[in-house]
Amino acid sequence: MSASSSNTRTPRLLRYPRRFKLVAMITVLLFAAALVVAALAAWRQDNLTQSYREDTAWVAYKLDRDAVQLLNYFLAATRGPLSSAAQDDLNLRFELLYSRITLLQEGEVSLLLKEISNATALLTDIQQQLDRLDPMIEPHDSLAELPVMELETELQVLNRLTERFVIAINGYLAESATEERALLSMLYKLLMSLLVGMSLAVLLVIVFLVREMRESAAARREQEQLSHQLEVTAKQAQAANHAKSDFLAMVSHEIRTPLNGVIGMSELLREPASPDQIEDYARTIHESANQLLAMINEILDFSKIEAGHLTLDTSPTALQPLLDSVVSLFEPRAKAKGLSLTLNVDPLVPAWVMIDASRLRQILLNLIANAIKFTDHGKVAIRVYSAHATRLTFEVCDTGCGLTEEQQAILFEPFQQADETVARRYGGTGLGLAICKRLSDAMQGRLGVRSATAQGSTFWCELPLVETAPDNTPLPAEPAHDFTGTSLLLVEDNAINRKVATGLLSRLGCDVVCAENGRDALTLATTQQVHLIFMDIQLPDMDGIQVTQKLRSQGGWLAKVPIVAMTAGGVGDDRQRCLAAGMSDYITKPLSLLTLGNVLSLQLRDASRQDALTALPTERTKTGEVSLLNRATLGMLVESLGADSVNQLVTLYYQQTSDYFAQIAACLRSSERLTEEQSRQLAHLAHQLRGESLGIGAESLAFEAKRLETIASHPAASQRDVVDKAVSVMRQTAARTHAALEKWRCDNCSDE
């Protein structure tokens, strides 16, 4: 209906509105006015310049004439005796030359002289010559007799200078006139060119109007063709919408199948059953949940790829172990169907290659899973070879039902399967091969298939081959599974998720404290210290990122405690946002014991955090002999080293302790406020004292040294009152420790 209505309207593709024409006319008029104003300004400026030039030429001419007249008057007056009146008149004529020089050195005339070659130098010479003449020409009252011969010579020099000055100015004016005539000639030519251009522009406007009429007719024809194309596009959109509806129906069916297993088996678990039945029900629930999770991950992976959020992590990879691990996953499934599953790696294939191992694994898992799923008898063979020095090929061959050419044409499109019978028989979302295709493209590779009906299929993936040296980085330690005594804060608003996470973490031996929102998390963090915080991103009052930023800003142990994001998102830039906010790691739901164990091992394994674990107990040991010394440590030292050696060790410990306290006092004596370097030195001394105290069994002093080390490492270490108080407590503890050690030596080493 919309297409038909569009045909009834006449297109206005080449017609300009009146407002546009009016604006164009005003623009042309303003441009013409600007040109006129510019021309008037240029004309006025040229007149001023010409006036300055004429004034300069006239002043220079008068200077030369006055100099000549001065010389002539002097020669005429000195033919006989020079009278006093003639001498005074000669002085007045000489003073007139100074006024001419002053006119040439001021105003616009001086600026013009700077443009004339040698004019400034000549004017300077004239000035100097006048200065030489000045003491020779005086009135009769000041100088009774003039030096006639010298004056004649100097006046002749002055005449030659003024003559050269006038010649230089006239030459410049002649050159300027020649240049102006040449410029005027060029402007005349430019004017003629503009007139010709305007004539051509008018001709072009006429041609444009004729073409506009012709193109209007052509536009109407194009509009009709566009309407036809819109009808075709509408039909394609309807087909795509139908395909989308089919996909949603299929996904709904595929989700309901494992969901039915989860709900049905969970209902059976509520009824009385034998242990074998309970185990079977639990296994079915677990398998159904994994199937559901795999389907959701597949859809999320495809949406992430389509949104352009796919990232590759290329690193040195050992190819054979990766292939063996993939094949081992499918061996039970292939054996259950009676299929032969083989792997053949060409000897020429390098052992180590640069590749994204996780993406390659994902491609192989999809291809091998499809091969086993669509093969009822025969074999599935995986072959890896390098037919070209720069390409690495992976082939998965099966003896299944095969594919027609029509099926192969749509096989790598999203939401597509071979036909409806395949979807009903084998299930699936139709996204696996589409994801593989896009992953191979992202890795600068290719993915394809060779197949024939009833003759099996061969899926191949060709990737760039970059050989590399083996990665000698040591493998991470096996994650621990017992975290007894580890205290955790779980921030999660969903009751079911809290119950699941608490149950899994309790199985790992952790003590879990829960907060249902961000406000409760901030309150609990100020009253109770924990080893690690699991933070949900979506909370009812504020998101987990804001809570993390507020926790980090409080400083102290909250600035260093690991905070792990725990979210069901996993798309877009969530991970980058969490890490930028100060979080230590990022995991996605659903949770598992393996995932949580790996995270806890990773975040609590380094030495600094293990030190923090030992310093966390909130209950201080009681003061006294038992709390000051670890007698088991001392007894072990006696058994290992002997009493004499332990006596010497205790004496050395006294000396070392005294030395450490002396260095600490010197560090604190240097200034009222600790610098960063002093804080670092204080923390180092406290750390050294702590280590030696633990070695001798002085646990209370080691505890206080650890506290001083923590304070010195904190940004607030510049507060001297806090540092001085900690040092004072440590000194008192050291005194009690020394007394306790002396008593222990008297009781245990007196016979030695």
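Cut-offs and rules
Residues numbered from 1 in each chain as written. Predicted model: local features only at pLDDT ≥ 70, side-chain atom pairs only at ≥ 80, totals over all residues. Heavy atoms only, no water. Buried < 20%, exposed > 50% of the residue type's maximum accessible area, 1.4 Å probe, protein only. Helix = DSSP H or I, 4+ residues; strand = E, 2+ residues; numbered from the N terminus. Pairing = 2+ DSSP bridges. Axes fitted to C-alpha atoms, helices over the stretch in contact; angles between N-to-C directions. Left-handed = near helix turned anticlockwise from the far one by under 90°. Contact = heavy atoms within 4.5 Å. Nonpolar A, V, L, I, M, F, W, Y, C, P; charged D, E, K, R; others polar. Salt bridge = Lys/Arg side-chain N within 4 Å of Asp/Glu carboxyl O. Patch = residues over 30% accessible without salt bridge, like charges linked within 9 Å, V, L, I, M, F, W, Y side chains within 5 Å. Areas by Shrake-Rupley, 256 points an atom, 1.4 Å probe, with all protein chains shown as cover. Expected span 1.5 Å × (residues − 1). Arc of directions from axis to C-beta. pLDDT = per-residue confidence, 0-100. Parallel < 35°, antiparallel > 145°, perpendicular 65-115°, else oblique.

(A) Main features of helix α12 (residues 432-442). Buried residues of α12: G432, L433, A434, I435, C436, L439 and S440, and no others. Q444 occupies a position one or two residues after α12 and carries a positive phi of about 65°.

(B) Local environment of the sheet that holds strand β6 (residues 446-451). Spatial ordering of the open sheet is given by β2-β4-β5-β7-β6, a layout of 5 strands whose pairing is mixed. Strand pairing shows two members of the sheet lacking a second neighbour, β2 (340-345) and β6, which therefore form its edges. Sheet twist, expressed as the mean angle between neighbouring strand axes with direction ignored, is 15°. Taken together, the 6 bridges between β2 and strand β4 (residues 379-388) define a ladder with parallel strand orientation. Counted as the bridge partner of T342 is A381 from β4.

(C) Up close: the packing of helix α9 (residues 357-373) against α12. Running from N to C, α9 and α12 cross one another at 145°; their axes reach a closest spacing of 10 Å. Two packed elements cross with a definite hand, and for α9 against α12 that hand is left-handed. Contacts between α9 and α12 involve R359, Q362, I363, N366, L367 and N370 from the first element and G432, L433, I435, C436, L439 and S440 from the second. Along the lines of polarity and charge, the residues of the contact of α9 with α12 split into 6 nonpolar, 5 polar and 1 charged.

(D) Structural context of unusual backbone geometry. Positive phi outside glycine occurs at Q444, with the angle close to 65°. By the element assignment, Q444 lies in the loop between α12 and β6. Exposure remark for Q444: the relative accessible area of 58% places this residue in the exposed category. Positioned with a positive phi, A454 is a non-glycine residue whose angle comes to about 65°. Its place among the elements puts A454 in the loop between β6 and β7 (457-464).

(E) Here's a closer look at the pattern of salt bridges. Per the counting criterion, the structure on display carries 9 salt bridges. Across the pair R391 and E462 runs a salt bridge whose closest N-O atoms are separated by 3.5 Å. On the criterion of sequence distance, the pair formed by R391 in strand β5 (residues 391-398) and E462 in strand β7 is long-range, its members being 71 residues apart. E462 serves as the salt-bridge partner of R446, at 3.0 Å between the closest nitrogen and oxygen. Of this pair, R446 sits in strand β6 while E462 sits in strand β7, and the two are 16 residues apart along the sequence. Given a relative accessible area of 17%, E462 falls into the buried group.

(F) Fine view of a nonpolar patch on the surface. Residues L183, L184, M186, L187, Y188, L190, L191 and L194 make up a contiguous nonpolar surface patch of about 790 Å² in total accessible area. Locating M186 in the fold gives a position in helix α6 (residues 148-269).

(G) Fine view of helix α3 (residues 84-105). Given a rise of 1.5 Å per residue, 22 residues ought to cover 32 Å, and the 33 Å separating the end C-alpha atoms of α3 matches this to within 8%. Of all the positions in α3, only A86, Q87, L90, N91, F94, L97, Y98, R100, I101 and L104 are classed as buried. Burial along α3 is one-sided: seen end-on, the buried residues are contained in an arc of 165°. With respect to the buried face of α3, the exposed residues turned more than 90 degrees away are A85 and L92.

(H) Up close: the confidence of the model for the chain. Looking at the chain as a whole, its pLDDT mean stands at 76, while 78% of the residues score no less than 70. Element-level mean pLDDT values for the chain span from 39 in helix α18 (residues 607-614) up to 93 in β5. Predicted confidence is poor over residues 1-14, with pLDDT under 50, and the contacts of this stretch with residues over four places away or in other chains come to 11 contacts. Predicted confidence is poor over residues 606-626, with pLDDT under 50, and the contacts of this stretch with residues over four places away or in other chains come to 23 contacts.

(I) Region of interest: the packing of helix α22 (residues 676-696) against helix α23 (residues 699-713). Interhelical geometry of α22 versus α23 gives an angle of 160° and a closest axis separation of 8 Å. Relative to α23, the element α22 is oriented roughly antiparallel. The element α22 and its partner α23 pack so that their crossing is left-handed. Of the residues in α23, those touching α22 at S679, L682, A683, A686, H687, L689, R690, S693 and L694 are L701, A702, A705, K706, L708, E709, A712 and S713. Along the lines of polarity and charge, the residues of the contact of α22 with α23 split into 10 nonpolar, 4 polar and 3 charged.

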